[in-house]
Amino acid sequence: FTMDGRRSDRPGVVDRDMYVAMNAFHDPLAFVIPAAPSGRPWRRAVDTAPDRTALVDAQTRCTYFELWDTASRVAGGLRWDGCQPGDRVVICMANSAAWIQAYFGVLLAGAIAVPVNPNLTPAEIEYIVEDCSARHVLASPSEIPYGPLFFDRDTNAGDVAAICYTSGTTGKPK
């Protein structure tokens, strides 16, 4: 599937343990992600079909293994930088493979992802960073930390994975 909801011409991209993530900003990016990013379905995809395409954007195509490896290295970099389980990590980047890798890296680190639309004003972004008490802000692919492989095995299905802000047309993000 592509971001505008059209079916991909690549057969077998989506299976029962996956869903297609649709992006609200409608940039051309297609990716298939597991229903539980830090849990068994994603790991099962890595174990059973490591060479299967998981993520495609204009510059990048990566397999489940490559996505897991990169996200684990992002998690390791975040932990190396002092990120702890439950810390908020703002991801304020354009739609790209790097955004997805950062998002999953945050989850694998046991932290809470706070996706932020990069088209917001600087004041709105600053408000969100302060309001959620973000410990880390990833504002460009060059700011994504990479470190040794890491996967927080203590993450539970009931843990908060993301905090999403919306402002609608009425004012401050909430």
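Here, the structure is the one placed above.
Treat the numbers as computed from the prediction; the structure is a model and nothing was measured.

Thresholds applied
- Along every chain, residues carry numbers that run from 1 in the direction the sequence is written.
- The model is predicted, so local features are restricted to residues of pLDDT at least 70 and side-chain atom pairs to those at 80 or more, both for listing and for counting; the totals for chains, interfaces and linings are taken over all residues.
- Hydrogens and water molecules were not included; the side-chain quantities draw on all heavy atoms of the structure.
- Secondary structure is summarised from DSSP: a helix means a run of H or I of at least four residues, a strand means a run of E of at least two, and numbering begins at the N terminus for each.
- To sort residues, take the accessible area from a 1.4 Å probe on protein chains only and compare it with the maximum for the residue type: under 20% means buried, over 50% means exposed, and anything in between is partly exposed.
- Contacts between residues were defined by any pair of non-hydrogen atoms, one from each residue, lying within 4.5 Å.
- Per-residue and other accessible areas were derived by the Shrake-Rupley procedure at a 1.4 Å probe size, with only the shown protein chains allowed to occlude residues.
- By this definition, two strands are paired if DSSP reports at least two bridges between them.
- Note on geometry: axes are lines fitted to C-alpha atoms, helical ones only across the stretch in contact, with angles between N-to-C directions running from 0 to 180 degrees.
- To estimate how far a helix should extend, the number of its residues minus one is multiplied by 1.5 Å.
- Distance and chemistry together define a polar contact, namely a pair of N or O atoms within 3.5 Å, with one atom able to donate a hydrogen and the other to accept it when in protein, and with adjacent residues in sequence counting only for side-chain atoms on both sides.
- By salt bridge we mean one thing: a side-chain nitrogen of Lys or Arg within 4 Å of a carboxyl oxygen of Asp or Glu.

1. A word on the overall build of the protein
Link 1 in the chain: Counting its secondary structure elements, the protein contains four helices and seven strands.
Link 2 in the chain: Seen in sequence order, the protein has helices and strands lined up from the N terminus as β-β-α-β-β-α-β-α-β-α-β.
Link 3 in the chain: Here the protein, with 174 residues, has 46% of them falling under the buried criterion.
Link 4 in the chain: Taking contacts inside the protein between residues at least 6 apart in sequence as the whole, the part at least 24 apart equals 67%.
Link 5 in the chain: A total accessible area of about 9300 Å² is found for the protein, and carbon and sulfur atoms account for 52% of it.

2. Side note on the sheet that holds strand β5 (residues 88-91)
Link 1 in the chain: Read from one edge of the open sheet, three strands run β6-β5-β7, paired in parallel fashion. At either margin of the open sheet sits one strand with a lone partner, and together these are β6 (112-115) and β7 (134-138). Ignoring strand direction, the axes of neighbouring strands in this sheet form an average angle of 25°.
Link 2 in the chain: Summarising the sheet, β5 and β6 pair through four bridges and their orientation is parallel. Counterpart to Arg 88 in the pairing with β6 is Ile 112.
Link 3 in the chain: Across the sheet, helix α3 (residues 97-108) is in contact with β5, β6 and β7; its angle to β5 comes to roughly 175°.

3. Observations concerning α3
Link 1 in the chain: With 12 residues, α3 should cover 16 Å at 1.5 Å per step; its first-to-last C-alpha distance of 16 Å lies within 8% of that length.
Link 2 in the chain: Counting buried residues in α3 gives 12 out of 12 residues, a clear majority hidden from the surface.
Link 3 in the chain: Along α3, the positions that sit buried rather than exposed are Ala 97, Ala 98, Trp 99, Ile 100, Gln 101, Ala 102, Tyr 103, Phe 104, Gly 105, Val 106, Leu 107 and Leu 108.
Link 4 in the chain: The backbone nitrogen of Ala 98 lies 3.3 Å from a side-chain oxygen of the residue at the head of α3, namely Ser 96.
Link 5 in the chain: Positive phi appears at Gly 110, one or two residues downstream of α3, with a value of about 85°.

4. Considering the pattern of salt bridges
If the charged atoms of two oppositely charged side chains come close together, the side chains can form a pair.
Link 1 in the chain: According to the stated counting rule, one finds two salt bridges in the structure shown.
Link 2 in the chain: With a shortest N-O distance of 3.1 Å, Arg 73 and Asp 69 are connected by a salt bridge. Here Asp 69 and Arg 73 lie together in helix α2 (residues 64-80), a separation of four residues that amounts to about one turn.
Link 3 in the chain: Of the charged contacts in the structure, one is a salt bridge between Asp 87 and Arg 135, with a shortest N-O distance of 3.7 Å. Placement of the pair is Asp 87 in the loop between α2 and β5 and Arg 135 in strand β7, with a sequence separation of 48 residues.
Link 4 in the chain: Judged by relative accessible area, which is 54%, Arg 135 ranks as exposed.

5. Section: α2
Link 1 in the chain: Between the first and last C-alpha of α2 there are 24 Å, a value that for 17 residues agrees with the 24 Å anticipated at 1.5 Å per step.
Link 2 in the chain: Of all 17 residues that make up α2, 12 are buried, and the element is covered over most of its length.
Link 3 in the chain: Where α2 is concerned, the buried positions are Tyr 64, Leu 67, Trp 68, Asp 69, Thr 70, Ala 71, Ser 72, Val 74, Ala 75, Gly 76, Gly 77 and Leu 78.
Link 4 in the chain: Phi turns positive one or two residues past the end of α2, at Gly 82, with a value near 100°.

Coordinates in, geometry out; function isn't part of it.
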